Amino acid sequence: MQQPGLFDAPPRLFTCTPSKLGAYEDCPRRYRFTYVDRPSPPKGPPWAHNSLGASVHTALKNWYGLPAERRTPAALPTLLKATWVSEGYQDGEQERAAFRRALGWLESYLAEADPADDPVGVERTVATRTPVLALSGRVDRIDRRGDELVIVDYKTGRFQPTGDDARGSRALALYAYSAQRTFRRACSRVELHHLPSGTVAAHEHTEESLARHLRRSEATAQDVMAAEKRRADGDPIDEAFPPAPGPLCGWCDFRRNCPEGSSAAPAKEPWAALSQG
Ligand code: SF4
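Residues numbered from 1 in each chain as written. Predicted model: local features only at pLDDT ≥ 70, side-chain atom pairs only at ≥ 80, totals over all residues.

Caption draft 1: Representation of the overall build of the protein in the model. A count of helical and extended segments in the protein gives 10 helices and 6 strands. Whereas a compact globule of 277 residues would reach a radius of gyration of roughly 19 Å, the protein reaches 21 Å, a difference of no more than 12%. Across its three principal axes, the protein shows a C-alpha extent of roughly 60 × 50 × 30 Å. Taking all 277 residues of the protein together, the buried fraction comes to 32%. Taking as baseline every contact in the protein between residues at least 6 positions apart, the subset at least 24 positions apart corresponds to 68%. (Helix = DSSP H or I, 4+ residues; strand = E, 2+ residues; numbered from the N terminus. Rg over C-alpha atoms; globule rule 2.2 N^0.38 Å. Buried ≥ 20, exposed ≤ 12 C-beta atoms within 10 Å, placed from the backbone. Contact = placed C-beta atoms within 7 Å.)

Encoded structure:
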């Protein structure tokens, strides 16, 4: 391989998070609306399930921010209320029911936790580089078990994740890879903690399985950079970043700006994905 010369520009890395890569794979047009167009087109209304998820995540983060002696069930209603996100619910009754459910999830989940445990990281940003990617991402929680780190991702949706979901999650794999480098410590186990069901779906990565996720991520990054180049070379934007209409269009924030997506799937109500469990 030819070595770069002393004064050659270093190859450009693709700066990304796992969700940025996923956006392009799901739909290049959605990627363009989110990451290329400035200003971004206006989004649709906020989603109640996102509000619920954000509220629970923040309460968990703040629970670990308390001194250990104050990490008690009695602290939870105040914590949840303090950063509760109200957007997207059908009405006050639905929102209050969601609050009660969320509080119940937190109480059951944290009843299993040792209040004295301090994770290695809570909503911790990890970052690393490969020959193609400048990767970063924020991990819900990084635990230390023995000599190893464990990636923990909270889930609050309707569907109970499985081990296959943990194995197939690119975000978890990239977090594990980045955490290894950020902390210089082994990290192969990734876990999806589903609060509504109280279950944990886990996977133990190997070097090879992490490498597979990385290779796929790098291939997507190359595709995005090729699309950006086509656009810079004058190709029409809808050819460089074509729409990928399908059932997911019903959930797309940019559906109203996208004729193909609008006819591909009916719009969802903002509260349609709320967990009832
Ligand atoms: S509505 Fe569908 S096709 Fe249009 S941008 Fe969104 S995901 Fe892509």
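From this point, the discussion proceeds with the structure in view.
Caption draft 2: Here's a closer look at the site of the ligand. The local shell around the ligand holds 14 residues, among which C27, C249, C252, C258 and G261 are the closest. Where the shell around the ligand is concerned, the elements lending two or more residues are α2 (28–36) and α10 (259–264). (Near = placed C-beta within 6 Å.)

Caption draft 3: Region of the structure containing the environment of G44. Considering the arrangement of structural elements, one finds G44 in the loop between α2 and α3 (48–65). Excluding anything up to four places from it in sequence, G44 contacts D253, R255 and R256.

Caption draft 4: Geometry of the UniProt feature "domain: PD-(D/E)XK endonuclease-like" (unreviewed entry) in the protein. According to UniProt, the "domain: PD-(D/E)XK endonuclease-like" (unreviewed entry) feature falls on residues 17–259. In residues 17–259, the share of helix is 47% and the share of strand is 18%. The end C-alpha atoms are 28 Å apart. (UniProt positions renumbered as here; feature names shortened; annotations may be inferred.)

Caption draft 5: Representation of the environment of A48 within the structure. Along the chain, the position of A48 falls in helix α3. C-alpha of A48 to C-alpha of S86: the two residues are 38 residues apart in sequence and 7.8 Å apart in space. If we ignore the near neighbours within four places in the chain, the residues touching A48 are G88, Y89, P270, W271 and L274.

Caption draft 6: View of helix α1 (residues 18–26). Looking only at α1, the buried set comprises P18, L21, A23 and Y24. The secondary structure elements touched by the buried residues of α1 are β1 (14–16), α2, β3 (133–145), α7 (170–183) and α8 (207–232).

Caption draft 7: Spatial organisation of the domain arrangement of the protein. For the protein, the domain assignment lists domain 1 (48–111) and domain 2 (122–214). For domain 1 versus domain 2, the distance between C-alpha centres works out to 23 Å. Contact with domain 1, which involves 11 residues of that partner, is made by 9 residues of domain 2. Taken together, the elements giving at least two residues each to the side of domain 1 that touches domain 2 come down to α3 and α5 (92–111). By residue number, the principal contributor to the side of domain 1 that touches domain 2 is α3, which donates 8 residues. (Domains from an automatic or database assignment.)

Caption draft 8: Fine view of the environment of Y177. Following the sequence through the fold, Y177 ends up in helix α7. Remark: the alpha-carbon pair of Y177 and P119, spanning 58 residues in sequence, is separated by 18 Å. In contact with Y177, not counting residues within four places along its chain, are T128, L210 and L214.

Caption draft 9: Geometry of unusual backbone geometry. Cis geometry marks the peptide bond from R38 to P39; its omega dihedral reads 0°. Position of P39 among the secondary structure elements: in the loop between α2 and α3. Phi angles above zero are rare outside glycine, and E123 is one such case at about 45°. Along the chain, E123 falls in strand β2 (residues 121–129).

Caption draft 10: Representation of the nonpolar core within the structure. Counting 32 residues, the largest nonpolar core has I151, L172, Y175, A176 and A179 as the members making the most contacts within it. At the level of elements, α1, β3, β4 (148–155), α7, β5 (187–194) and α8 are the ones that each hand at least two residues to this core. The greatest single-element share of this core, amounting to 7 residues, is contributed by α7. When near neighbours in sequence (up to four residues on either side) are disregarded, I151 contacts V139, I142, L172, Y175, A176, A179, C187, V190 and E191. Of all hydrophobic cores here, the second largest spans 18 residues; its members include A48, L80, A98 and W105. (Core = buried A, V, L, I, M, F, W, Y, C linked by C-beta atoms within 7 Å.)

Caption draft 11: Quick look at α5. If you check α5, its first and last C-alpha atoms are 28 Å apart, about what 20 residues at 1.5 Å a residue would give, namely 28 Å. Among the residues making up α5, those that are buried are E95, A98, A102, W105, L106 and L110. Viewed end-on, α5 has its buried residues packed into an arc of 110°, placing them on one side of the element. Looking at α5, the residues exposed on the side facing more than 90 degrees away from the buried face are E93, R96, R100 and A111. (Expected span 1.5 Å × (residues − 1). Arc of directions from axis to C-beta.)

Caption draft 12: Structural detail: the pairing of β4. Burial analysis of β4 places 6 of its 8 residues in the buried class, the great majority of the element. What sits between β3 and β4 in their antiparallel hairpin is a turn of 2 residues, with G146 showing a positive phi close to 65°. With 7 bridges joining them, β4 and β5 adopt parallel strand pairing. Bridged to Y154 within β5 is H193. (Pairing = 2+ DSSP bridges.)

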